[in-house]
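Each chain, written out:
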Amino acid sequence: MNIIVCIKRVPDTADAAVNIDSSGKDIVKDRLTFDINESDNYALEEAILLKEKLGGTVTIVSVGPPECEDTLRMGLAKGADTAIRITDERFTETDGFAIAEIIKSAIKDLDFDLVLTGCIATDDGASQVGPTLAELMDIPHATLVTKIDVNNGVVRVHKELEGGLTEVFDIKLPALFAIQTGINEPRYASLIAIRRAAAKEIKVLGAGELGIEEVSLKTKVESLFRPPVAKHAEILQGTPDEVSTKLAQILLSS
Amino acid sequence: MKKIFSLVEHRRGEIPDVSYELLTKGRELAKQENGEFTALVLGHNVKEFAEKIKKEADRVFVVDKEFLKEPNAEAYQIVLSDILKKESPFLTLIGHTALGMDLASSLATSLNIPIATDCVGIDIEDTGKMPVLLVTRQPYNGKLNAKVSFAAGSQFMITVRQGAFTSEQGNLSGKIIDIASPIEKEPDYRKFIEYIEAVVGAVDITQAEVVVAVGRGIKEKENMSLIEELANSLGGVVACSRPIVDADWLPKDRQVGSSGKIVKPKLYIAIGISGAFQHIMGMKNADTIVAINKDPNAPIFNEADYGIVDDLFKVVPVLKNKIKELKAS
Ligand SMILES: Cc1cc2nc3c(=O)[nH]c(=O)nc-3n(C[C@H](O)[C@H](O)[C@H](O)COP(=O)(O)OP(=O)(O)OC[C@H]3O[C@@H](n4cnc5c(N)ncnc54)[C@H](O)[C@@H]3O)c2cc1C
């Protein structure tokens, strides 16, 4: 079972202030911390688990600047065999479609049975790369995948639907699955493994190697702005003691 | 004439709200553009659905085949791409649902149509020559909005977030048109097997009057007792956002949100929960919502009635004691 996992390095914006930069089209990134996208981390773990069970290799791919190599190295430390970073000046402005086209050109000649991606990136939230890449590669796919059972070239897939319902179906390999969080328990790499991965080579591919003259964008962010607020909470002010007293009174009087 | 299409989803005999919202929005845009609005229904024995939505559109396209009984995204793609190729609509709307996430990006790619996903706003601006299509999206889990434009073209596709638009009943007299399917059975690369029902646990959070929900801000499993104690002091139940279930700190039946439970308690307290729309969808109809979060810009404060902007570890223990004291006095 040879598996390719697509990984995105994203800023952690759940805990941090998100500010719009001077272009008005992107956010200020220099004070944010970055890490592997949440659902991609589950996809990576699923690939390593499948490799441990069935043999084969895990190749991880990321489109992005040199800092992405930290994320890729962590993937190598956890158990991936090969890492590819795709980068080019021409790839600075992209969208889900463009990223899928770029990744396709990097993996189309590799020998693989399965491609895994995360089901959503926490920055753009578009959930586009997985299904778009599958269509470009002409392989079947499913998103929001919560279980994978491989059996003789057919995968029994569990997909999460609304309200906690699960759809079960069979998909023929080769296929692409966009993995939902919670499918497994992502591991941490050991210090020794991290040290060993530091010395591993990461293959870097540019537009030239991939034969891409120009990326075609299907969509473009024109502007970012703060969401208009219909209603905002009444914020209770004071020390923890004061706000707790106020809130306790509100809660018990209603 | 400009054609606009909306896909009407259904599963196990039910049409989700988002489909009615798309029917309303599609009809509205078609009217604005002097165009024609078509609803698409794929399924088996779906005459009843077609009748039900006749008033919503100028035309209702029905593809009725046994193999379309369950919504299979790969089968839908083959059928829809055949229809869209022949009809070349200016705009096709699909729900950003579990089905829509499988279907739309792949379908758009196969037809070489630009697509934007999970949109909360759609505008067609007439600039004189060409109408310009713009959508609004919410990147960074709702912390920002983005206006997004499309590459030049004559056909576009948009997936729409549930709840982004309201639904109103239409008063058109749509023509129901049977459409042939290019295939007669499910493609052999994706075969439906079965559904597995959501798990039912010991506590039914949908029945509780007070729900105290905890999110990733709680940091460690050991800290969960803080939330339990607060819930006990209020006679409520503990619920949570998705990451808490993903980490196995609470069972799935305690998860609030689009892929969990929809709750409507008298009081909902969200602690260390950012307020991603998938979570909001599960609790926005609570009578009173309180949020405790250290990030003043957390989207949860746009849903809450009362907020405390502080470290939950400082507030929650004190709050629990204050509630106990007040109750005792
Ligand atoms: C298809 C799909 C379905 C989904 N379904 C659901 C669903 O049903 N339910 C659901 O909840 N999610 C769902 N999600 C996930 C959702 O998108 C969010 O990722 C999730 O809701 C985030 O949970 P959270 O708010 O607990 O964590 P985060 O977004 O990480 O937020 C943590 C919050 O805690 C705050 N915090 C941190 N430390 C402290 C502290 N010491 N004191 C106070 N505050 C603190 C932070 O400021 C932050 O706002 C779904 C996602 C997808 C793609």
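Here is what the cut-offs are and how they apply
- Each residue is numbered by its place in its chain's sequence as written, counting from 1.
- Chains and ligands are labelled sequentially in the order written, the chains with letters from A and the ligands with numbers from 1.
- Selection of residues for local features in this predicted model requires a pLDDT of at least 70, selection of side-chain atom pairs for listing and counting requires 80 or more, and totals for whole chains, interfaces and linings are taken over all residues.
- Hydrogens are left out, water is left out, and the side-chain values use all remaining heavy atoms of the structure.
- Accessibility here uses a 1.4 Å probe with only protein chains present; expressed as a share of the type maximum, an area under 20% marks a residue as buried, one over 50% as exposed, and anything in between as partly exposed.
- A run of DSSP states H or I qualifies as a helix once it reaches four residues; a run of E qualifies as a strand once it reaches two. Both are numbered from the N-terminal end.
- In this scheme, strands are said to pair when DSSP sees at least two bridges between them.
- Only a single heavy atom is needed: when it lies within 4 Å of a molecule or strand, its residue is near that molecule or strand.
- Whenever a nitrogen or oxygen atom comes within 3.5 Å of another N or O atom, the pair is scored as a polar contact, on the condition that within protein one atom can donate a hydrogen and the other can accept it, and that pairs from neighbouring residues in sequence are kept only if both atoms are in side chains.
- Only the protein chains shown count as cover for residues, and the accessible areas themselves come from Shrake-Rupley with a 1.4 Å probe.
- For every element, the axis is a line fit to its C-alpha atoms; helices are fit only across the contacting stretch, and the angle between N-to-C directions ranges from 0 to 180 degrees.
- Oblique is the label for any angle not under 35 degrees, not over 145, and not in the 65 to 115 range, which are roughly parallel, roughly antiparallel and roughly perpendicular in turn.
- Crossing handedness is read from the near helix: turned anticlockwise from the far helix by less than a right angle, it gives a left-handed crossing, and turned clockwise, a right-handed one.
- Only heavy atoms matter for contacts: two residues are in contact if any of them lie within 4.5 Å across the pair.
- Charged residues are taken to be Asp, Glu, Lys and Arg, nonpolar residues to be Ala, Val, Leu, Ile, Met, Phe, Trp, Tyr, Cys and Pro, and polar residues to be all remaining types, Gly included.
- When two rings of Phe, Tyr or Trp (its six-membered ring) have centres within 6.5 Å they constitute a pair, described as stacked for plane angles under 30 degrees, edge-to-face for angles over 60, and tilted for the intermediate range.
- The rule is short: NZ of Lys or CZ of Arg within 6 Å of the ring centre and within 35 degrees of the ring normal puts a charge over the ring.
- For the domain bounds, the source is a domain assignment made automatically or taken from a database.
- In short, buried area is how much 1.4 Å probe accessible area vanishes from two parts on joining, totalled over both.
- What makes a salt bridge here is a side-chain nitrogen of Lys or Arg within 4 Å of a carboxyl oxygen of Asp or Glu, nothing more.

1. Points about the pairing of strand E4 (residues 58-63) of chain A
Residue and element names in this part refer to chain A. In terms of burial, E4 is largely enclosed, as five of its six residues are buried. Here strand E1 (residues 3-6) runs beside E4; their pairing, made up of four bridges, is parallel. Bridge assignment links isoleucine 4 to a residue of E4, and that residue is threonine 59. One ladder, built from five bridges, connects E4 with strand E5 (residues 82-86); its direction is parallel. Among the inter-strand pairings, serine 62 is bridged to a residue of E5, identified as arginine 85.

2. Thoughts on the pairing of strand E7 (residues 145-150) of chain B
Taking burial as the measure, the six residues of E7 of chain B include five buried ones, the bulk of the element. As paired elements, strand E12 (residues 219-225) of chain A and E7 of chain B share six bridges and run antiparallel to each other. Counterpart to leucine 224 of chain A in the pairing with E7 of chain B is alanine 146 of chain B. Across four bridges, strand E6 (residues 131-137) of chain B lies against E7 of chain B in antiparallel orientation. Each bridged residue has a counterpart across the sheet, and for valine 135 of chain B the counterpart in E7 of chain B is valine 148 of chain B.

3. Considerations on the site of the ligand
Residues in contact with the ligand amount to 32 residues; listed here are only the nearest, Ser241, Gln255, Val256, Ser259 and Ser274 of chain B. The ligand sits at the junction of chains A and B, each of which supplies nearby residues. One of the side-chain nitrogen or oxygen atoms of serine 241 of chain B is found 2.5 Å away from an oxygen atom of the ligand. Burial of the ligand by the protein chains amounts to 94% of its free accessible area of 990 Å². When contributions to the shell around the ligand are tallied by element, the ones reaching two or more residues are helix H6 (242-246), helix H7 (277-280) and helix H8 (312-328) of chain B.

4. Considerations on the sheet that holds E1 of chain A
Adjacent strands of a sheet pair through backbone hydrogen bonds, lying either parallel or antiparallel. As summarised here, the arrangement of the 10 strands in space is E11(A)-E5(A)-E4(A)-E1(A)-E6(A)-E10(A)-E7(A)-E8(A)-E9(A)-E10(B), forming an open sheet in which the pairing is mixed. In this open sheet, the two strands that pair with only one neighbour each are strand E11 (203-205) of chain A together with strand E10 (190-196) of chain B. Mean inter-strand twist for the sheet, computed between neighbouring axes without regard to direction, equals 30°. By the bridge criterion, six bridges tie strand E7 (residues 141-151) of chain A to strand E8 (residues 154-160) of chain A in an arrangement that is antiparallel. Considered in E8 of chain A, the bridge of isoleucine 148 of chain A is made with valine 157 of chain A.

5. Some words on the packing of helix H4 (residues 129-137) of chain A against helix H4 (residues 98-111) of chain B
Put simply, H4 of chain A and H4 of chain B touch, their axes get as near as 8 Å, and they point 45° apart. What the angle tells us is that H4 of chain A and H4 of chain B run oblique. The two elements H4 of chain A and H4 of chain B meet at a crossing, and its hand is right-handed. Here Pro131, Thr132, Glu135 and Leu136 of chain A of H4 of chain A come into contact with H4 of chain B, specifically with Met101, Asp102, Ser105, Ser106, Thr109 and Ser110 of chain B. Taken together, the residues that form the contact of H4 of chain A with H4 of chain B break down as three nonpolar, five polar and two charged.

6. Remarks on the packing of aromatic side chains
Residues and elements named next belong to chain B. Applying the stated criterion across every chain, the model contains four aromatic pairs over all chains. Summarising the aromatic geometry, the rings of phenylalanine 5 and phenylalanine 61 are spaced 5.8 Å apart at their centres and angled 90° between planes, so their arrangement reads as edge-to-face. Note that phenylalanine 5 is positioned in strand E1 (residues 3-8) and phenylalanine 61 in strand E3 (residues 59-64), a separation of 56 residues in sequence. Both residues of the pair, phenylalanine 5 and phenylalanine 61, count as buried. Through a chain of ring-to-ring contacts, the aromatic side chains of Phe90, Phe150 and Phe156 assemble into a single cluster. Lying across the ring of phenylalanine 90, lysine 2 places its NZ or CZ 4.9 Å from the centre.

7. Some words on the domain arrangement of chain B
Residues and elements named next belong to chain B. Here the domain parsing of chain B yields domain 1 (3-178) and domain 2 (205-328). Relative placement of domain 1 and domain 2: their C-alpha centres are 35 Å apart. Of the residues lining the interface, six residues belong to domain 1; the matching set on domain 2 comes to seven residues. When domain 1 packs against domain 2, close to 550 Å² is buried across both sides, 60% of that on carbon and sulfur atoms. When the area that domain 1 buries against domain 2 is broken down by residue, the three leading residues are Asn141, Lys143 and Arg161, summing to 69%. The interface formed by domain 1 and domain 2 includes one salt bridge. Put simply, aspartate 295 and lysine 143 hold a salt bridge, and the shortest N to O gap is 2.6 Å. Remark: the boundary between domain 1 and domain 2 carries one residue pair in polar contact (both at pLDDT 80 or more). The residue makeup of the side of domain 1 that touches domain 2, split by class, is no nonpolar, three polar and three charged.

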